[in-house]
Amino acid sequence: MRVILIGPPGVGKGTQAALIGSRKGVQTLSSGEIFRREIEAQTDLGRLAQRYISHGELVPNGVTIEMMAKRLRESEVRKHGFILDGFPRTVKQADALNEILFDMEMPLQKVFWLQAPDELIVSRLSGRLGCTKCGAIYHSVNKPPTREGFCDVCNSPIVVRSDDQPETIRERLRVFRESTAPVIEYYKDLGLLVAVDATRDAEEVYKEIIRETD
Ligand code: AMP
């Protein structure tokens, strides 16, 4: 499988990436998740990324492309393919990805555009909780963990992401419209885009994605 999940923050890209990754054994490359791990490990890249992420802005293209190129070239990806979640987010990143995949002789199969109205996105993001260790995603109302404050999968603490505050959510939605919406047009022109109604529950969205790629 060689696919991209694209869509506004909170639309369910991370949830789908985790479902497909675990059930189909495909490597999930989530740029936001990779940045969060770099921040936690207090690397130079993490410190740089933090400055942008905390304001809901995009991390500069150069470092983002370099980081994702390195992950894409790993052997697991060459063997089983990839699910990209959160990358590319700009046309420059999409161009760079084209070159990397061309070199690797691994052409993209499909780009799934997950769609949902803003009100739903804001309500999903407002109650969102994430595992600090395995990245599993919960929601305080719609999908609470069995034991409050801890992950069902790995028992680590779950927390509200620092960029899931109302101010930052609004900025991330604005950045999506400005920088990432043109990427959707880009893949539409290449004939790779599949629009998916992401207001439905995660299992239904998952089934549709799998139907389109099997
Ligand atoms: P996400 O978990 O995908 O919502 O990403 C969280 C944050 O990480 C975003 O709001 C950006 O600040 C940063 N980020 C993630 N992916 C990218 C990307 N492809 N390009 C630039 N910044 C990114």
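Here is a short report on the structure shown in this document. (Residues numbered from 1 in each chain as written. Predicted model: local features only at pLDDT ≥ 70, side-chain atom pairs only at ≥ 80, totals over all residues. Heavy atoms only, no water.)

### Things to note about the sheet that holds strand β7 (residues 158-159)
We apply this condition: Any two strands with at least two DSSP bridges between them are considered paired. A helix here means a DSSP run of H or I that spans at least four residues, while a strand means a run of E at least two residues long, and both kinds are numbered starting from the N terminus.
Taken together, the 3 strands give an open sheet; going across it, the order is β6-β5-β7, and neighbouring strands pair in antiparallel fashion. The open sheet has two edge strands with one neighbour each: β6 (137-139) and β7. Alignment of strand β5 (residues 128-131) against β7, held across 2 bridges, turns out to be antiparallel. Bridged to Cys131 within β7 is Ile158.

### Re the packing of aromatic side chains
Note the following rule: Think of it this way: a Phe, Tyr or Trp ring, Trp meaning its six-membered ring, pairs with another when their centres are within 6.5 Å, and the plane angle makes it stacked under 30 degrees, edge-to-face over 60, tilted otherwise. Each residue is assigned to one of three classes by its accessible area relative to the maximum for its type, calculated with a 1.4 Å probe on protein chains only: buried under 20%, partly exposed between the two thresholds, exposed over 50%. Both a distance and an angle decide whether a charge sits over a ring: NZ of Lys or CZ of Arg must be within 6 Å of the ring centre and within 35 degrees of the ring normal.
Applying the stated rule across the entire model yields 1 aromatic pair. Ring geometry for Tyr186 against Tyr187: centres 5.1 Å apart, planes inclined by 80°, an arrangement best described as edge-to-face. The burial state of Tyr186 is the same as that of Tyr187; both residues are buried. Across from the ring centre of Tyr138, 5.2 Å away, lies the NZ or CZ of Lys143, which sits over that ring. The ring of Phe150 carries Arg147 above its face, with NZ or CZ at 4.1 Å from the centroid.

### Brief notes about the site of the ligand
In plain terms, the rule: Here a residue is considered near a molecule or strand provided that any single heavy atom belonging to it is located within 4 Å of it. What qualifies as a polar contact is a pair of N or O atoms within 3.5 Å, subject to a donor-acceptor requirement within protein and to the restriction that residues adjacent in sequence count only when both atoms come from side chains. To be clear on the numbers: accessible area is Shrake-Rupley with a 1.4 Å probe, and residue cover counts the displayed protein chains and nothing else.
What surrounds the ligand is a group of 16 residues, the closest being Ser31, Arg36, Glu57, Gly86 and Gln93. In the environment of the ligand, an oxygen atom lies 2.5 Å from a nitrogen or oxygen atom belonging to the backbone of Glu57. For the ligand, the protein covers 96% of the area, taking 480 Å² as the surface of the free molecule. When residues of the shell around the ligand are assigned to their parent elements, the largest contribution, 4 residues, is made by helix α2 (residues 31-40).

### Focus on the packing of α2 against helix α4 (residues 61-72)
This is how the line gets drawn: Between the N-to-C directions of two axes lies an angle of 0 to 180 degrees, each axis being a line fitted to C-alpha atoms and, for a helix, fitted only over the stretch in contact. Here the word oblique covers every angle except those under 35 degrees (roughly parallel), over 145 (roughly antiparallel) and from 65 to 115 (roughly perpendicular). In what follows, residue pairs with any heavy atoms lying within 4.5 Å of each other are defined as contacts. Throughout, the ten residues Ala, Val, Leu, Ile, Met, Phe, Trp, Tyr, Cys and Pro are labelled nonpolar, Asp, Glu, Lys and Arg are labelled charged, and all others, Gly among them, are labelled polar.
It is the contact of α2 with α4, at a shortest axis distance of 11 Å, that shows an interaxial angle of 100°. Classified by the angle their axes make, α2 and α4 are roughly perpendicular. On α4, the residues that touch Ser31, Ile34, Phe35 and Glu38 of α2 are Thr64, Met67, Met68 and Arg71. The residue makeup of the contact of α2 with α4, split by class, is 4 nonpolar, 2 polar and 2 charged.

### Structural notes on the state of the cysteines
This is how it is decided: A pair of cysteine sulfur atoms is labelled a disulfide when the two atoms are within 2.5 Å.
The final tally for this structure, using the stated rule, is 0 disulfides. Cys151 supplies the cysteine sulfur nearest to Cys134, a cysteine that is in no disulfide, at a spacing of 3.8 Å. Judged by relative accessible area, Cys134 falls into the partly exposed class, the value being 34%.

### Digging into the environment of Glu148
Counting through the fold element by element, Glu148 comes out in the loop between β6 and β7. The exposure class of Glu148 is exposed, given its relative accessible area of 75%. For the pair formed by Glu148 and Ile158, sequence separation is 10 residues and the distance between their alpha carbons is 8.7 Å.

### Section: the pattern of salt bridges
Rules: We define a salt bridge as a side-chain nitrogen of Lys or Arg found within 4 Å of a carboxyl oxygen belonging to Asp or Glu.
Tallied over the entire structure, the rule returns 15 salt bridges. Note that Arg170 is salt-bridged to Glu167, the shortest N-O span being 3.1 Å. Of this pair, Arg170 and Glu167 both sit in helix α8 (residues 166-189), 3 residues apart, which is roughly one turn of the helix. What makes Glu167 exposed here is its relative accessible area of 61%. Ionic contacts of the salt-bridge type, sharing partners, join the residues Arg128, Arg161, Asp163, Asp164 and Arg172 into one network.

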